Amino acid sequence: MDIHVHRPGELSAADRASWTAMQSKAHLHGSPELANPFLSPEFALAMGRYRRGVRIAVVREDGEPAAFFPHQRSATGVGRAIGLGVSDSQGLVHRPGFEWDARELLRACGLAVWEFDHLAQGQGPFEAGATGSFASPVIDTQDGYEAYLAHLRKNSPKFLKTTLAKERKLIRTVGELTYVHDERDPEALRTLMRWKSAQYRRTGRSDRFTQSWIIGLVDHLFHTRTESFSGLLSVLYADGRPIAAHFGPRTERIISCWFPAYDPAFAKFSPGLLMHLRIAEAAAADGTAYIDLGRGQKQYKDSLKTREIMVSEGWVMRRHPVALGQWARRAPVRALRNTVVERPELFEPADKLLKRIGEIRSGRFRM
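Residues numbered from 1 in each chain as written. Predicted model: local features only at pLDDT ≥ 70, side-chain atom pairs only at ≥ 80, totals over all residues. Heavy atoms only, no water.

Draft legend 1. How the structure looks around the overall build of the protein chain. Summing up its helical and strand segments, the protein chain has 12 helices and 14 strands in all. Residues counted as buried form 51% of the 367 residues belonging to the protein chain. In the protein chain, the proportion of contacts linking residues at least 24 apart, taken out of those at least 6 apart, comes to 72%. Of the roughly 17200 Å² that the protein chain leaves accessible, carbon and sulfur atoms contribute 51%. (Helix = DSSP H or I, 4+ residues; strand = E, 2+ residues; numbered from the N terminus. Buried < 20%, exposed > 50% of the residue type's maximum accessible area, 1.4 Å probe, protein only. Contact = heavy atoms within 4.5 Å. Areas by Shrake-Rupley, 256 points an atom, 1.4 Å probe, with all protein chains shown as cover.)

Draft legend 2. Molecular detail of the packing of aromatic side chains. Counted according to the given criterion, the structure contains 15 aromatic pairs. Judged by centre distance (5.1 Å) and plane angle (70°), the rings of phenylalanine 69 and tryptophan 114 are edge-to-face. Placement of the pair is phenylalanine 69 in strand β3 (residues 64-73) and tryptophan 114 in strand β6 (residues 113-119), with a sequence separation of 45 residues. Take phenylalanine 69 and tryptophan 114: they sit in the same class, and that class is buried. Each member of the aromatic cluster is reached from another via a ring pair, and the members are Phe38, Phe43, Phe209, Phe222, Phe247, Trp258 and Phe259. (Phe/Tyr/Trp six-rings, centres within 6.5 Å; stacked < 30°, edge-to-face > 60°.)

Draft legend 3. Broad picture of the nonpolar core. Counting 41 residues, the largest nonpolar core has Val218, Phe247 and Trp258 as the members making the most contacts within it. Listed by contribution, the elements that provide at least two residues to this core are α1 (13-24), α2 (41-50), β2 (54-61), α7 (186-202), α8 (212-222), β9 (229-238), β10 (241-251) and β12 (259-262). When near neighbours in sequence (up to four residues on either side) are disregarded, tryptophan 258 contacts Phe38, Phe43, Val86, Asp88, Leu217, Val218, Leu221, His246, Phe247, Gly248 and Pro249. Counting 31 residues, the second-largest nonpolar core is a separate cluster that includes Phe159, Leu236, Leu274 and Ala284. (Core = buried A, V, L, I, M, F, W, Y, C linked by side-chain atoms within 4.5 Å.)

Draft legend 4. Main features of the pattern of salt bridges. For the coordinates displayed, the defined rule picks out 14 salt bridges. One salt bridge in this structure joins glutamate 167 and arginine 278, with 2.7 Å as the shortest N-O distance. Here glutamate 167, found in helix α6 (residues 157-173), pairs with arginine 278, found in helix α9 (residues 271-286); they are 111 residues apart in sequence, far enough to count as distant. Arginine 278 matches glutamate 167 in its accessibility class, with the two residues each being buried. Connected through salt bridges with shared partners, the residues Asp182, Arg184 and Arg225 form a single ionic network. (Salt bridge = Lys/Arg side-chain N within 4 Å of Asp/Glu carboxyl O.)

Draft legend 5. Region of interest: a positive patch on the surface. A surface patch of positive charge is lined by Arg168, Lys169, Arg172 and Lys268. Within the secondary structure, lysine 268 sits in the loop between β12 and α9. (Patch = residues over 30% accessible without salt bridge, like charges linked within 9 Å, V, L, I, M, F, W, Y side chains within 5 Å. Lys, Arg positive; Asp, Glu negative; His and termini not counted. Charge placed at Lys NZ, Arg CZ, Asp CG, Glu CD.)

Draft legend 6. Up close: α1. For α1, which comprises 12 residues, the first-to-last C-alpha distance of 16 Å matches the rise-based estimate of 16 Å (1.5 Å per residue) to within 8%. Residues of α1 that are buried include every one of Asp15, Trp19, Thr20, Met22 and Gln23, and no others. Viewed end-on, α1 has its buried residues packed into an arc of 155°, placing them on one side of the element. Within α1, the exposed residues directed more than 90 degrees away from the buried face are Ala13 and Ala14. Looking at the buried residues of α1, the elements they touch are α2, β2, β3 and β5 (93-94). (Expected span 1.5 Å × (residues − 1). Arc of directions from axis to C-beta.)

Function cannot be read off these values alone, since they describe shape.
In structure tokens, the structure reads:
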């Protein structure tokens, strides 16, 4: 393989166009997951603005781009998927039939190890290093919104009936609903971030919006608009007041559900669920293939989904002391976390404890 590693700003316009073309045609060759916006050049370039060590390996065959491998690396050769922890799809974007050797690729990139937590399907050479695979629920919209509603009536009838009843009650109580699929008001984005921060604190989770690089990344993607990629802010209003919102990246065929949140004052009406139905309706009208709800088992995802795709986590390593040291530090923590998350008898008490901690911190819980 002819492999050259570039900083994000060094990638030529021709290479970016080739990368985008591979994503646009991926569904025609049985690899629709490669069209995920987290695998796009726009996301890689944005990450390069806010995180150190972002690199893009361009693999060529006969002088033409055959694959693109975005990654982050440390000075010691520890590699990670770009946006590890916030990116919902990772891997190598390639043309049909391309084959590669994972360790040869790592060697060319100067990496002793490459860690991933949302490896896309079909990444055979990387999947050999997977330590676990997990379901990522999706909403199929390519057959139209009515087809999706028919699926819900068959598979989640109680959920659909209850949600639509709450919608009618919300309209009677508050006022008419208005949905904006592609909201361009930056203040609406600020509102979403405030809601999400409050949700993180309320549930005892780490608040991602205390990290300046994540705020910068989200704001940058919000203002990024190309023919094949954009940061999509969707907002549901009741009587002119925002009650739920979502921000996530999108490509021509996939919307990634990234940061959804709602105003807790309207919680009894389930505004987040109502918003997801509106997103699905608008996505179907736009010709979007599916909405990726992201890895993680949640009741609302089980109710909304039409199917699941699989993502993997793990490491690809060369024989190198740095790789062994990284594995020794990270593997036990990841194994413990997955044991808790994947076992309801452990996850539910842990989740309740985190929420109680969040209530104590916010002053809502009294001993």
